[in-house]
Amino acid sequence: MTDDNKPLAAYAAAFGFILLMVLAAVFFGDSEIVLPEIAAMAVALWAWREKGWLRQPEKIFIVPSVTATIGFAVNLLDQSFVVKILLVLCLMLVAMRAIRTNLAPALATGFLPVVTNATHYSFLIAIFVTTFALMLGVMLFKLNRGVPREAPVKYQYMLVYLAIHLVWIAITVLAGYPHMAIIPPITVVVYESLQMPMYMRKMALKQVAVLTLSALIGTVLFLALQNWFVVAAIDLALIYGLLHLFKARIPAAYAFPFLPFVFPAEFVPQLPFGAAIVSVFFFSLVLAYKTYEKKRMAQVPAMA
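Residues numbered from 1 in each chain as written. Predicted model: local features only at pLDDT ≥ 70, side-chain atom pairs only at ≥ 80, totals over all residues. Heavy atoms only, no water.

**Student:** Give me the lowdown on the pattern of salt bridges, citing residues and values where you can.
**Tutor:** Counted by the stated rule, this structure contains two salt bridges. A salt bridge links R149 to E58; the nearest nitrogen and oxygen atoms lie 2.8 Å apart. With R149 in the loop between α7 (122–140) and α8 (156–175) and E58 in helix α4 (residues 58–75), this residue pair connects regions lying 91 residues apart in the sequence. By relative accessible area, which is 40% here, R149 ends up partly exposed. A salt bridge links E293 to K290; the shortest N-O distance between them is 3.1 Å. In this pair, E293 and K290 both sit in helix α14 (residues 271–303), three residues apart, roughly one turn of the helix. Accessibility classification places E293 together with K290 in one group, the buried group. (Salt bridge = Lys/Arg side-chain N within 4 Å of Asp/Glu carboxyl O. Helix = DSSP H or I, 4+ residues; strand = E, 2+ residues; numbered from the N terminus. Buried < 20%, exposed > 50% of the residue type's maximum accessible area, 1.4 Å probe, protein only.)

The structure is reproduced here in structure tokens:
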């Protein structure tokens, strides 16, 4: 390929992979095969070549598979929704610490089976197959060429991430909306935002706008059209345009339109509103923490 057609071919491969996933779900009549975060990973890995996700290609398969297994196993327990979410949250962070990884999409694949109440083993099979295919694509085409394998993992942000989520989960329970405790695409962006060396108000506003609009696009199309393949194809085109409009690279924007495919039907109409509220809360707290962190770091030389 020439340099001119590489981006086009990369997007074609990523979008084709996503549409094949949707076609498989339609063919087998199993919505649990639709994995929103896989859509985000396909674009970020194959089209954008996201360095943070490419460092250790084998973990593209290993980490989401581990967290998905954790989430699926916890969901089979006879516990309340909130208890399951708390268990998955803690177990995933422990697993990621043990594996020494910051692969944020794995958080979404762990929460997804609880949020969608996945009970069929087709969910795990779909996770294993799709993440293996994504890993294989990276390795075969050497998409990680030049990307260093090692990078510092700042584990303190896991504690901040945990604290923010515990606060939000408590708020949703007290308000009587526990089903809004976790929205998988948002939780991924929160984790990645905490890892950023610089995080400004402009970035927070852009994330809120893009994620809310992507949730609105996905929900409206899903409720308006019956053909899943057509819905998915239009979703991809509109999200591509949305991200270019905002000049943003937010992989989770590609995950949001596929949440209505797997979300409990009664909650789908609430998704755009929920995305807006949850985004504002989380990214406001992330901004507050990063601002505090910046001020504290600036004071260190002065104190020395």
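**Student:** Give a detailed account of α7, specifying residues and quantitative values.
**Tutor:** Given a rise of 1.5 Å per residue, 19 residues ought to cover 27 Å, and the 26 Å separating the end C-alpha atoms of α7 matches this to within 8%. Three or more residues of α7 are buried, namely S122, F123, L124, A126, I127, T130, T131, L134, M135, G137 and V138. Directly beyond the C-terminal end of α7, a positive phi value near 50° is found at K142. (Expected span 1.5 Å × (residues − 1).)

**Student:** Can you lay out the layout of surface pockets for me, pointing to particular residues and giving the numbers?
**Tutor:** Taken as a whole, the largest pocket spans an internal volume of roughly 890 Å³. Residue lining of the largest pocket: 32 residues in total, with G52, R55, N102, E192 and Q195 positioned closest to the centre. For the lining of the largest pocket, the secondary structure elements donating two or more residues are α3 (51–54), α9 (184–195) and α10 (201–224). No other element matches α9, which puts four residues into the lining of the largest pocket. A class-by-class count of the residues in the lining of the largest pocket yields 15 nonpolar, six polar and 11 charged. (1 Å grid on protein atoms, 1.4 Å probe; cavity = no way out; pocket = protein on both sides within 12 Å on 5 of 7 lines; lining within 4 Å. Points joined across faces, edges and corners; volume = space filled by probe spheres on them. Nonpolar A, V, L, I, M, F, W, Y, C, P; charged D, E, K, R; others polar.)

**Student:** Give me the UniProt feature "transmembrane region" (unreviewed entry) in the protein: which residues, what numbers.
**Tutor:** Taking the numbering used here, the UniProt-annotated feature "transmembrane region" (unreviewed entry) corresponds to residues 7–27, 60–77, 83–100, 121–141, 161–191, 203–222, 228–246 and 273–289. Summarising residues 161–191: 74% helix, 0% strand, and an end-to-end C-alpha distance of 6 Å. (UniProt positions renumbered as here; feature names shortened; annotations may be inferred.)

**Student:** Let's hear about the environment of T219: which residues, and what values?
**Tutor:** Note that T219 resides in helix α10. Residues within four places of T219 in sequence aside, it is in contact with P260, V268, P269, L271 and P272. Polar side-chain contacts of T219 include one of 2.8 Å to the backbone oxygen of A215. (Contact = heavy atoms within 4.5 Å. Polar contact = N/O pair within 3.5 Å; in protein donor to acceptor, adjacent residues only side chain to side chain.)

**Student:** I'd like to hear about the packing of α8 against α9, residue by residue, with values.
**Tutor:** The description of two helices packed together rests on the angle between their axes and the distance between the axes. Two elements in contact, α8 and α9, have axes separated by 10 Å at closest approach and are oriented at 140°. It follows from the interaxial angle that α8 and α9 lie oblique. In terms of crossing hand, the pair formed by α8 and α9 is right-handed. In this structure, α8 contributes Y157, M158, V160, Y161 and H165 to the contact, and α9 contributes T187, V190, Y191, L194 and Q195. Residues belonging to the contact of α8 with α9 are distributed by class as follows: seven nonpolar, three polar and no charged. (Axes fitted to C-alpha atoms, helices over the stretch in contact; angles between N-to-C directions. Parallel < 35°, antiparallel > 145°, perpendicular 65-115°, else oblique. Left-handed = near helix turned anticlockwise from the far one by under 90°.)

**Student:** Quick rundown of unusual backbone geometry? Include the residues and the values.
**Tutor:** A positive phi is found at R100, a non-glycine position, where the angle reads about 60°. Checked against the element boundaries, R100 lands in the loop between α5 (81–99) and α6 (105–115). Relative accessible area serves as the criterion here: at 58%, R100 is assigned to the exposed category. Phi at K247 takes a positive value of approximately 50°, unusual for a residue other than glycine. Relative to the assigned elements, K247 resides in the loop between α11 (228–246) and α12 (252–255). Exposure remark for K247: the relative accessible area of 74% places this residue in the exposed category.

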